[in-house]
Amino acid sequence: MDYIIDKMVKTDWEQVAHIYLEGIKTGKATFQTEVPTWEEWNSGHVNLCRVVARLDNNILGWGALSPTSSRCVYSGVAEVSIYIGGNYRGQGLGEIILNNLVKLSEENGFWTLQSGIIRENIPSIKLHKKCGFREVGVREKVAKMNNGRWHDVVFMERRSKEVGM
């Protein structure tokens, strides 16, 4: 595939939201039950750390960071979101997007990235490990889906070897 990794912009939202909805429908990518509006999503994510994989005018996947706290001591800590379109999963695109997001995070002063991954989402756990994240622990039965089923969350983090040392 001849795609590029590019900065996510507002006009990408319709396609980004569609990929997000695909993730929601898997039942193991997020505890969200519906896609937020652009305004809601935009206000909760770091403007400088948003990427998409773009093939011509099509978005294949995306990644973004959101702050974990408003306290200044945690200004270099962010949570990762990464979603790959259903037709493009399993082709190495996630690794490229996540590695680009890691690089971008370090360029913008982030020293720790973290992810809370639903335990059943084995591909996402493997992806994060490939990109230098380690498993910190498991939060057992921390969230309940609409179907009433409780889920464990694997908590993963990646410390920069360049920023915050």
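Above this note sits the structure.
Owing to the predicted nature of the structure, the values given are computational and were not obtained by experimental measurement.

Q: I would appreciate a short explanation of the overall build of the protein chain in the present structure.
A: Assigned secondary structure in the protein chain consists of four helices and seven strands. The C-alpha atoms of the protein chain give 15 Å as radius of gyration, which agrees with the globular expectation for 165 residues (15 Å, within 12%). Dimensions along the principal axes, computed over C-alpha positions, put the protein chain at roughly 45 × 40 × 30 Å. Taking as baseline every contact in the protein chain between residues at least 6 positions apart, the subset at least 24 positions apart corresponds to 63%. Averaged over its 21 positive side-chain charges, the protein chain has a centre that lies 6 Å from the centre of its 19 negative ones.

Q: I tried to follow helix 1 (residues 13-26) on my own but got confused; where do I start?
A: Helical geometry note: an α-helix holds 3.6 residues per turn, so side chains three or four residues apart project in the same direction. With 14 residues, helix 1 should cover 20 Å at 1.5 Å per step; its first-to-last C-alpha distance of 20 Å lies within 8% of that length. Taken together, the buried positions of helix 1 are occupied by Trp-13, Val-16, Ala-17, Ile-19, Tyr-20, Gly-23 and Ile-24. What you see down the axis of helix 1 is that its buried residues fit within an arc of 160°, all on one side. When the buried face of helix 1 is taken as reference, the exposed residues oriented beyond 90 degrees from it are Glu-14 and Lys-25.

Q: What exactly am I supposed to notice about the layout of surface pockets here?
A: Over the atoms a probe the size of a water molecule is rolled, and this reveals where empty space is left. In this model, the largest pocket occupies a volume close to 1,200 Å³. Within the lining of the largest pocket, the residues separate by chemical class into 21 nonpolar, 18 polar and eight charged.

Q: Where do I start with the packing of aromatic side chains in this structure?
A: All told, the structure shown has seven aromatic pairs when counted by the stated rule. Ring centres of Trp-62 and Tyr-83 lie 5.0 Å apart, and the angle between their planes is 20°; on these two criteria the pair is classed as stacked. With Trp-62 in strand 3 (residues 58-67) and Tyr-83 in strand 4 (residues 77-84), the pair connects residues that are 21 residues apart, well separated along the chain. Each member of the aromatic cluster is reached from another via a ring pair, and the members are Trp-13, Tyr-20, Trp-38, Trp-41, Trp-62 and Tyr-83.

Q: Just to check I follow, could you spell out empty space enclosed by the protein for this structure?
A: Enumeration over the complete set of coordinates arrives at one cavity of 30 Å³ or more. By volume, the largest cavity amounts to about 30 Å³. For the largest cavity, the full set of lining residues is Val-102, Ser-105, Glu-106, Phe-110, Trp-111, Thr-112, Leu-113, Arg-158 and Ser-160. If you list the elements that add at least two residues to the lining of the largest cavity, you get helix 3 (93-107) and strand 5 (112-118). Element by element, the count of residues in the lining of the largest cavity is highest for helix 3, at three residues. Across the lining of the largest cavity, the residue classes tally to four nonpolar, three polar and two charged.

Q: What should I look at first to understand unusual backbone geometry in this one?
A: For residues besides glycine, phi is generally negative; the peptide bonds are generally trans as well. A positive phi angle is found at Asp-56, which is not glycine, with a value near 55°. Along the chain, Asp-56 falls in the loop between strand 2 (50-55) and strand 3. Positive phi, close to 45°, is recorded for Lys-141, a residue that is not glycine. Following the sequence through the fold, Lys-141 ends up in strand 6 (residues 134-144). Assessed through its relative accessible area of 57%, Lys-141 is described here as exposed.

Parameters and conventions
- Residues numbered from 1 in each chain as written.
- Predicted model: local features only at pLDDT ≥ 70, side-chain atom pairs only at ≥ 80, totals over all residues.
- Heavy atoms only, no water.
- Helix = DSSP H or I, 4+ residues; strand = E, 2+ residues; numbered from the N terminus.
- Rg over C-alpha atoms; globule rule 2.2 N^0.38 Å.
- Contact = heavy atoms within 4.5 Å.
- Lys, Arg positive; Asp, Glu negative; His and termini not counted.
- Charge placed at Lys NZ, Arg CZ, Asp CG, Glu CD.
- Expected span 1.5 Å × (residues − 1).
- Buried < 20%, exposed > 50% of the residue type's maximum accessible area, 1.4 Å probe, protein only.
- Arc of directions from axis to C-beta.
- 1 Å grid on protein atoms, 1.4 Å probe; cavity = no way out; pocket = protein on both sides within 12 Å on 5 of 7 lines; lining within 4 Å.
- Points joined across faces, edges and corners; volume = space filled by probe spheres on them.
- Nonpolar A, V, L, I, M, F, W, Y, C, P; charged D, E, K, R; others polar.
- Phe/Tyr/Trp six-rings, centres within 6.5 Å; stacked < 30°, edge-to-face > 60°.

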